[in-house]
Amino acid sequence: MIYWTRLGFSRRLLAFRRNLSTAGMDDVLFEVKNDVGIVTLNRPKALNALNMSMVTKILPKLKEYESQVRMVIVQGAGGKAFCAGGDVKSIVLSGVGATSLELGANFFRTEYSMNSTIGKYKIPYVSLIDGITMGGGVGISVHGKYRVATERTLFAMPETAIGLFCDVGGSHVLSRLDRHLGVMLGLTGCRLKGADVVKAGIATHFVHSSKMDDLRTKLIEDVRDPGTVLAENTEDLSAVEFTMAPFVEKIDSIFSHERVEAIVDALKADGSEWAQGVLKSLNEVSPTGLKITRKEISKGKNLSLDECLIMEHRLAYRCTEAKYSEDFFEGVRALLIDKDKSPKWCPASLEDVKDEIIDKYFEPLSKDKDLKFL
């Protein structure tokens, strides 16, 4: 188990546990103004990353709000991030074994239940995705009806870099983006900024960050349909070009391949500076994560959001179980704990990641372990 042998791990584990024991009760804030429920992710020092405490509070509150208010607004505190992802360190720090498996199963079950609730929400759900919006931050925003980006918005699904896959409904969202863009974003963890987040279909509206407070106030005070309020108070981007537009044809051609090996071969054959940059990204992330992600996106295009979440829960369980690969534990160690950015993937090459092993990740769990939405 590579991650246990790294210098400094035990010291960080003890510090992390001390932080858990002294964590405040206000990691997420709830208030109601003018019949609008406002959810504020309130861990700015952790870039508002979602932890078990937060999702456990948010899920029942969203269900409560659905029958009590006319609209919900979700936002992040601190000005730097909406939500930078899920707090996976708490799972990995327990090491491979029963404790991590239980922590992971509980966290993913609750988080995915929250994602499902948002996807079926009966009242308008508005996410103000100003700042970093990655992983779990995508899950708590993109399934809602309205997503408002700013020039500071930074979107990514970078899970393959930590030996995981695009979860929180990523297989549903990415599979529905135009022209295999979602496959490229999911495999590479490529970042989109500002107006590009709207152009890609992740956000629905755009406003300059300096006008976000005013927009929030209008959404709260104006009792008209929020779609009307947003249309009147956000920017028209029809004349703005998607910065990836010059590469759309290449993306569509290269990332249409079902096998990751074929994508790599097509990038090598292209040979352009852009292709070389994409290849570099693919070479740095988990080969197992790449193959799981490509398959889940392929399957996700024919599944409902709930069906995608059930599939992703099976994948998350098996990544946490580490029965076939410990890449999730190693990736989190290398990027988020020790931060040496030198993960030792196992298997280390795409060729060594056998199809029959990937297929096993997707098999149903036992009835007591498969996802049942809370």
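Sequence order sets the numbering: in each chain, residues are counted from 1 along the sequence as written. Totals for whole chains, interfaces and linings use all residues, but because this is a predicted model, local features are given only for residues with pLDDT of at least 70 and pairs of side-chain atoms are given and counted only at 80 or more. Only heavy atoms go into the side-chain values, all of them from the structure, while hydrogens and water stay out.

Novice: Hey, could you run me through the overall build of the chain in this one?
Specialist: Helix and strand counts for the chain stand at 17 helices and ten strands. Note that the radius of gyration is over C-alpha atoms, with the globule rule given as 2.2 Å times the number of residues to the power 0.38. Over its C-alpha atoms the chain spans a radius of gyration of 20 Å, differing by no more than 12% from the 21 Å that the globule rule assigns to 374 residues. Overall, the C-alpha framework of the chain stretches about 60 × 50 × 40 Å when taken along its three principal axes. Partly exposed residues are those whose accessible area sits between 20% and 50% of the maximum for their type, while under 20% is buried and over 50% is exposed, using a 1.4 Å probe and protein chains only. Split into buried and exposed, the 374 residues of the chain put 55% on the buried side. Contacts: residue pairs with any heavy atoms within 4.5 Å of one another. Of the contacts made within the chain by residues no fewer than 6 positions apart, 74% connect residues no fewer than 24 positions apart. The Shrake-Rupley method, run with a 1.4 Å probe sphere, supplies the accessible areas, and residue values consider only the shown protein chains as cover. Looking at the chain as shown, the accessible area adds up to about 16200 Å², and 52% of this sits on carbon and sulfur atoms. Strands are runs of DSSP state E lasting at least two residues, helices are runs of H or I lasting at least four, and both sets are numbered from the N terminus onward.

Novice: Would you mind showing me how to read the confidence of the model for the chain here?
Specialist: When pLDDT drops low, the exact placement of atoms in the prediction is not to be read closely. As a per-residue measure, pLDDT reflects the predictor's confidence and takes values from 0 up to 100. For the chain, the mean per-residue pLDDT works out to 93, and 93% of the residues sit at or above 70. Confidence drops under pLDDT 50 across residues 1-11; counting only partners more than four residues distant or on other chains, this segment forms 28 contacts. Confidence over residues 13-23 falls short of pLDDT 50; this stretch has six contacts with residues more than four positions distant or in other chains.

Novice: What am I meant to see in the nonpolar core here?
Specialist: In globular proteins that are soluble, nonpolar side chains generally tend to be buried together. As used in this record, nonpolar core signifies buried Ala, Val, Leu, Ile, Met, Phe, Trp, Tyr and Cys residues forming a set joined through side-chain atoms within 4.5 Å. Ranked by internal contacts, the top residues of the largest apolar core, which has 92 residues, are Leu41, Ile58, Val72, Ile140, Phe255, Leu267 and Phe328. If near-sequence neighbours (up to four positions away) are discounted, phenylalanine 328 is found in contact with Val88, Ile91, Val92, Ile162, Gly163, Leu164, Cys319 and Thr320. One finds Val36, Ile38, Met71 and Ile220 within the second-largest nonpolar core, a separate group that totals 15 residues.

Novice: Can you help me understand the sheet that holds strand S6 (residues 132-134) in this one?
Specialist: As a general point, the strands of a sheet are linked pairwise by backbone hydrogen bonds and lie either parallel or antiparallel. We call two strands paired when DSSP finds no fewer than two bridges between them. Within the open sheet, the four strands sit side by side as S4-S6-S8-S9. Their pairing is mixed. The two strands at the open ends of the sheet, each matched to only one other strand, are strand S4 (81-83) and strand S9 (192-193). Summarising the sheet, S6 and strand S8 (residues 154-156) pair through three bridges and their orientation is parallel. In the strand pairing of S8, threonine 133 is matched with phenylalanine 155.

Novice: Even after reading the chapter, I still don't get the sheet that holds strand S2 (residues 36-41), so can you show me in this structure?
Specialist: The six strands are arranged S1-S2-S3-S5-S7-S10 in an open sheet whose pairing can be described as mixed. Every other strand in the sheet has two partners, leaving strand S1 (28-33) and strand S10 (205-206) as the edge strands with one partner each. Pairing between strand S3 (residues 71-76) and strand S5 (residues 125-129): three bridges, direction parallel. Bridge assignment links valine 74 to a residue of S5, and that residue is serine 127. A fitted line through C-alpha atoms represents every axis, and for helices the fit uses only the stretch in contact; the resulting angles, taken between N-to-C directions, go from 0 to 180 degrees. Of the strands in this sheet, S1, S2, S3 and S5 touch helix H2 (residues 52-66), which is tilted by about 15° from S1.

Novice: What is the right way to read the pattern of salt bridges from this model?
Specialist: A side chain with one charge may pair with a side chain of the opposite charge, provided their charged atoms come close. Counted as salt bridges are all cases of a side-chain nitrogen of Lys or Arg within 4 Å of a carboxyl oxygen of Asp or Glu. Applying the stated criterion across every chain, the model contains 23 salt bridges. Of the charged contacts, one joins lysine 250 and aspartate 270 as a salt bridge, the two residues approaching to 3.1 Å between their closest N and O atoms. Taken together, the residues span a long stretch of sequence, with lysine 250 in helix H11 (residues 248-254) and aspartate 270 in helix H12 (residues 260-270) at a distance of 20 residues. Owing to a relative accessible area of 29%, lysine 250 belongs among the partly exposed residues under this scheme. Judged by relative accessible area, aspartate 270 falls into the partly exposed class, the value being 28%. A salt bridge links arginine 333 to glutamate 330; the shortest N-O distance between them is 2.9 Å. Placement of both arginine 333 and glutamate 330 in helix H16 (residues 327-337) is noted, with a separation of three residues, approximately one turn of the helix. For the pair shown, arginine 333 and glutamate 330 are each scored as buried. Taken together, the shared-partner salt bridges connect Arg259, Glu261, Lys291 and Asp355 into one network.

Novice: Can you walk me through the environment of glycine 277 in this structure?
Specialist: Tracing the chain through its elements places glycine 277 in helix H13 (residues 273-284). With relative accessibility at 37%, the residue glycine 277 sits in the partly exposed group. Taking the C-alpha atoms as reference points, glycine 277 and leucine 267, ten residues apart in sequence, are found 9.5 Å from one another.

Novice: Is there a simple way to think about H12 in this case?
Specialist: Since the α-helix advances by 3.6 residues per turn, residues separated by three or four positions end up pointing in the same direction. Considered for burial, the residues of H12 that qualify are Val260, Glu261, Ile263, Val264, Ala266 and Leu267. Tucked inside the fold, the buried residues of H12 contact helix H7 (181-188), H11, H13 and helix H14 (287-300).

Novice: Help me out: how do you make sense of the packing of H12 against H14 in this one?
Specialist: Any two packed helices are characterised by the angle at which their axes cross and by the distance between the axes. Where H12 contacts H14, the two axes come as close as 10 Å, and the packing angle between them is 105°. By the angle between their axes, H12 is roughly perpendicular relative to H14. Listed contacts from H14 to Val260, Glu261 and Ile263 of H12 are Leu290, Lys291 and Arg294. Among the residues making up the contact of H12 with H14, the classes are represented as three nonpolar, no polar and three charged. We call two directions roughly parallel when the angle between them is under 35 degrees, roughly antiparallel when it is over 145, roughly perpendicular when it lies between 65 and 115, and oblique otherwise. We call Asp, Glu, Lys and Arg charged. Ala, Val, Leu, Ile, Met, Phe, Trp, Tyr, Cys and Pro are nonpolar, and the rest, Gly among them, are polar.

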